[in-house]
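Spelled out, the chains give:
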Amino acid sequence: MLDKMRTGLNIFILCMFVVAIVYGIITIIYNAFNADSINNVNIISTENIDTYITEKNLVITDYSTFFVLEGCVQKLITSLHENKTSEVYDVLIGDFKTQIDNDKTKLIKYYNNNFKYETVEDMDVIGYQNFNNLKQVYKIDEYNYICIVTSINESKLAKIGIKLISSDKYIVSYLEI
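Our subject in this report is the structure included herewith. Small disclaimer: the values here were computed from a predicted structure and weren't measured. (Residues numbered from 1 in each chain as written. Predicted model: local features only at pLDDT ≥ 70, side-chain atom pairs only at ≥ 80, totals over all residues. Heavy atoms only, no water.)

1. Structural notes on the pairing of strand β3 (residues 134-139)
In step 1: Bridge count between β3 and strand β4 (residues 144-149): five bridges; the pairing is antiparallel. For Y138, the partnering residue across the bridge sits in β4 and is I146.
In step 2: Here β3 folds back onto β4 in antiparallel fashion, the turn holding four residues. (Pairing = 2+ DSSP bridges. Helix = DSSP H or I, 4+ residues; strand = E, 2+ residues; numbered from the N terminus.)

2. Topic: the sheet that holds strand β6 (residues 170-175)
Strands belonging to one sheet form pairs held by backbone hydrogen bonds; the direction of such a pair is parallel or antiparallel.
In step 1: The strand order β3-β4-β5-β6 describes an open sheet built from four strands, whose pairing is antiparallel. What marks the edges here is a single partner per strand, and that holds for β3 and β6. Recorded for the sheet is a direction-independent mean angle of 30° between the axes of neighbouring strands.
In step 2: Sheet strands touched by helix α4 (residues 63-81): β3, β4, β5 (158-164) and β6. Its angle to β5, the strand with the most contacts, is close to 115°. (Axes fitted to C-alpha atoms, helices over the stretch in contact; angles between N-to-C directions. Contact = heavy atoms within 4.5 Å.)

3. Concerning the environment of K104
In step 1: Position of K104 relative to the elements: it lies in the loop between α6 (94-100) and α7 (105-114).
In step 2: Along the backbone, K104 and Y89 are 15 residues apart, and their C-alpha atoms lie at a distance of 7.5 Å.
In step 3: When residues no more than four places from it in sequence are discounted, the contact partners of K104 are T85, S86 and Y89.

4. Observations concerning the packing of aromatic side chains
The geometry of two aromatic rings is summed up by the distance between their centres and the angle between their planes.
In step 1: Counted according to the given criterion, the structure contains two aromatic pairs.
In step 2: On the numbers, 5.7 Å between centres and 75° between planes, the contact of Y110 with F115 is edge-to-face. With respect to burial, Y110 and F115 carry one shared label: buried.
In step 3: The ring of Y89 has K97 sitting right over it, with the charged end atom 5.5 Å from the ring centre. (Phe/Tyr/Trp six-rings, centres within 6.5 Å; stacked < 30°, edge-to-face > 60°. Buried < 20%, exposed > 50% of the residue type's maximum accessible area, 1.4 Å probe, protein only. Lys NZ or Arg CZ within 6 Å of the ring centre and 35° of its normal.)

5. So, the packing of α4 against α7
In step 1: Here α4 crosses α7 at 110°, and the two axes come no closer than 10 Å. It follows from the interaxial angle that α4 and α7 lie roughly perpendicular. In contact with I77, L80 and H81 of α4, α7 contributes L107, Y110 and Y111.
In step 2: A class-by-class count of the residues in the contact of α4 with α7 yields five nonpolar, one polar and no charged. (Parallel < 35°, antiparallel > 145°, perpendicular 65-115°, else oblique. Nonpolar A, V, L, I, M, F, W, Y, C, P; charged D, E, K, R; others polar.)

6. A short note on the pattern of salt bridges
In step 1: A full pass over the atoms with the stated rule returns three salt bridges.
In step 2: For the salt bridge of E82 with K84, the shortest nitrogen-to-oxygen distance reads 3.1 Å. (Salt bridge = Lys/Arg side-chain N within 4 Å of Asp/Glu carboxyl O.)

Below is the structure:
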C-alpha cells in the first residue's frame, strides 16, 4: 500500500515537473516574439508627466538605479553630441518613434536647445558638462523613470523618460520635443 502511494506521488511530481518545463518553454517563446510589444508600451506623455513628478515618487535612496540612469542619460547626450542620431533613434520607444516620424532633425534640434556643448582641442570641455548632470529621478513604476537633467537653458531643466530593461539596456520613452 505504501509502495502504491509512493509511486503515485512520484508520478505526480514528475507530471508537475513536465508541466513546469512546458510552461517555461512556452513563456520564453512568447516573450521572444512579443518583446517589442511589451517594451514599447509608453505611459509617459506631455499631458501627464507633471502628475508623476511628486515628492512620493522621488528616488532618494536607490543609488544603484540612480547611477544606472545617469549612465543612460550620459550615453544619450554623448550620442547626440557625436551626431549619432540613428543610435538615439534606435533606443526610442515605438510610440515616440512614430511621434518623431523618422525626422532625426527633431533630435538634433532637441540636443541644440538643451545640451549642445563646444569642445576646443588642448582644453577642457567648454559649455555644458556631460557628467553629474542628473539631478533628480522620479519612479513611475518598476521599470519607468523620469530623469530631471540640467540643461544649457538656465530657465528650465530637461525631462527625459527612461524605461530600464536591464542594467545596461534601456529605452527612451519621453523627450521634451
